[in-house]
Amino acid sequence: MSFGIDFGTTNTAGFRCAGGLTEEIGDETRHPIPSVVAINKFTGEVEVGRNARKRISLEEEDGSWVVVRSLKRELTRNTQWNVGGRVYTAVDLTAELLRKIASRPIAWGGSRISKATLGVPVRMSPTARRRLKKAASMAGIEVSAVLKESTAACIKYRALLANLQHAAVFDWGGGTLDISVIRVEGTELTELWSDGRDLAGDDLDLVIARYILSRCREASDGVPEFDQLTKPQQLRLLYEAERAKQVLGNDPEHEVFIEVGGKGHAVTIRQTDIERELRPWVREAVEFLGGCIEQSRLAFDELDLVLLVGGSSQLPLLSRMLDADPRFQGRFEQPGIPEWDVAHGAAILDGAPDGAYVLSDPISLLLADGSEFPLVETGAQPMSSVKPLCLSLVDNNESANLIFRQGSTEKPLLYVAVPALGFDEEELRVEYQLTEEWTFRVEGRSASLGERSRTSNETEELQFRYVLPVIDG
Ligand SMILES: Nc1ncnc2c1ncn2[C@@H]1O[C@H](COP(=O)(O)OP(=O)(O)OP(=O)(O)O)[C@@H](O)[C@H]1O
Ligand SMILES: [Mg+2]
């Protein structure tokens, strides 16, 4: 039995694969659980998911609940809330959400999720990955592996790619845009490039919220700016903005009713207005995709297909822009309803044999003569302890600049500048590790300068290869 979990900014989903059968793990509505948590100021009660989300619209003025939306962004920022004299960290609240998803299979007679593979945004920092792992552990979930959300979705759709050579996955969610550019060779998928940005549904909601306020302001005086609203008012307006964004994908007009500045306002928003407001952001997302293809060193005509996944990819404006772009015209597809893609792909990887998930290329250190000294081979698994390395400086320099590369990509993987005393043959002690969060970490110090020269750096920007089982449905 294998499990995948997609802790999304907007929605959190689980997925189970067992003996050829698959099962979606969401809430009572059979959809993913909204990533929203509410804390009662008086009782300390914590609500998770749909009930918590309802409080945004129902109880904003009551004041007894603090509602946290887009929990994953808060985890990245390491936010804390002081509610009713108690401090709640983003890790605590994430643990509550993960606990809920882990216990859901019990509702239909299964056992709780105690081990799973988790999707993460491509650029989720090593520290944020550790926070997520801590939250999972607090929820009783052992993390078998983490993988990029866009690559997880690619794994789910690998049957669609069977006769193709190169594909890109454009996973546009609520908090991040994640892109993986993939080479397909039979059942093997290799990341040629992947990158992510904090430009997604939440940002579009904010643009629409500001637009709604500007329309209210045209009609009456005294309408405040978004930043001047109280937190509950902001949440409520973002909620309305998100609804407007979704409805206006189909309908030409939508009426929004909000209460700000002490009175109620009704404004009619047209699809054309919203598209004008969102156009620059959608364009930026498309340009980011273009940049990722360039970084992968594929020519655009070598790209067979762009898979559009994630809720924000349902924006009709995105499909129209891609269709009008010669680089992508006729080469993109929305393969399905995106709710379970990432969790499903993570569950497939969770059930793959050991060694199915390896580095796409080895990691090496660049030496002074331009050659590369191999450090981590492609088949390496995360290391439980650091590996030592002893180097000597050939230059008389006050800083030893260590440059690490993965494969032959133009952009180096990692730099570490270790202070040095500055004499020939000075000894440098370096330790490196492919960590359990699938990041690469280096720490170095000069033997002569000792502890005060200790410097470290870590990156999540690694590319991987996945050797997958033959399609099981
Ligand atoms: N029909 C639609 N049109 C436009 N946007 C939509 C539509 N349906 C959902 N969305 C948006 O998609 C986003 C949620 O997508 P998704 O569930 O893929 O995100 P997530 O996985 O929770 O977030 P992330 O992967 O960024 O952490 C929200 O911003 C939501 O408003
Ligand atoms: Mg997502």
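Each chain carries its own residue numbering, running from 1 in the direction its sequence is written. Going through the entries in the order they are written, you letter the chains from A and number the ligands from 1. It should be noted that, the model being predicted, local features are given only for residues of pLDDT at least 70 and side-chain atom pairs only at 80 or more, the latter also being counted only at that level, while totals for whole chains, interfaces and linings use all residues.

Looking at the overall build of the protein chain
Okay, so step 1: Secondary structure follows DSSP: runs of H or I at least 4 residues long count as helices, runs of E at least 2 residues long count as strands, and numbering of each begins at the N terminus. Along its length, the protein chain carries ten helices and 28 strands.
Okay, so step 2: We compute the radius of gyration over the C-alpha atoms and compare it with the globule rule, which gives 2.2 Å times the number of residues raised to the power 0.38. By the compact-globule yardstick of 23 Å for 473 residues, the protein chain fits well, its C-alpha radius of gyration being 24 Å.
Okay, so step 3: Reported as C-alpha extents along the three principal axes, the dimensions of the protein chain are approximately 75 × 55 × 50 Å.
Okay, so step 4: Within the protein chain, the fraction of its 473 residues that count as buried is 43%.
Okay, so step 5: Here contacts are defined at the residue level, using C-beta atoms placed from the backbone and a cut-off of 7 Å between them. In the protein chain, 67% of the contacts between residues at least 6 apart in sequence involve partners at least 24 apart. Three exposure classes are used, all based on how many other C-beta atoms lie within 10 Å of a residue's own C-beta (placed from the backbone): buried at 20 or more, exposed at 12 or fewer, and partly exposed between those limits.

Remarks on the sheet that holds strand E22 (residues 387–392)
Okay, so step 1: Strand order in this open sheet of four strands is E22-E25-E26-E27, and the pairing throughout is antiparallel. Bordering the open sheet on either side are E22 and strand E27 (455–459), each of which pairs with just one other strand. Across the sheet, the mean angle separating the axes of adjacent strands is 20 degrees when strand polarity is ignored.
Okay, so step 2: DSSP calls a pair of strands paired once it identifies at least 2 bridges connecting them. Where E22 meets strand E25 (residues 427–434), six bridges bridge the pair, whose relative direction is antiparallel. For helices, the fitted axis covers only the stretch in contact; all axes are lines through C-alpha atoms, and the angles between them, taken along N-to-C directions, range from 0 to 180 degrees.

Side note on the domain arrangement of the protein chain
Okay, so step 1: Under the domain assignment used here, the protein chain contains domain 1 (2–157), domain 2 (160–334) and domain 3 (357–466).
Okay, so step 2: Per the annotation, domain bounds derive from an automatic or database assignment of domains. With centres defined by C-alpha atoms, the gap from domain 2 to domain 3 works out at 38 Å.
Okay, so step 3: At the interface, six residues of domain 2 touch five residues of domain 3.
Okay, so step 4: Split into classes, the residues belonging to the side of domain 2 that touches domain 3 amount to two nonpolar, two polar and two charged. When residue character is reported, Ala, Val, Leu, Ile, Met, Phe, Trp, Tyr, Cys and Pro are called nonpolar, Asp, Glu, Lys and Arg charged, and the others, Gly included, polar.

Digging into helix H10 (residues 341–350)
Okay, so step 1: Burial within H10 is extensive, with ten of its ten residues counted as buried.
Okay, so step 2: Inspection of H10 places Asp-341, Val-342, Ala-343, His-344, Gly-345, Ala-346, Ala-347, Ile-348, Leu-349 and Asp-350 among the buried residues, and these make up the whole buried set.

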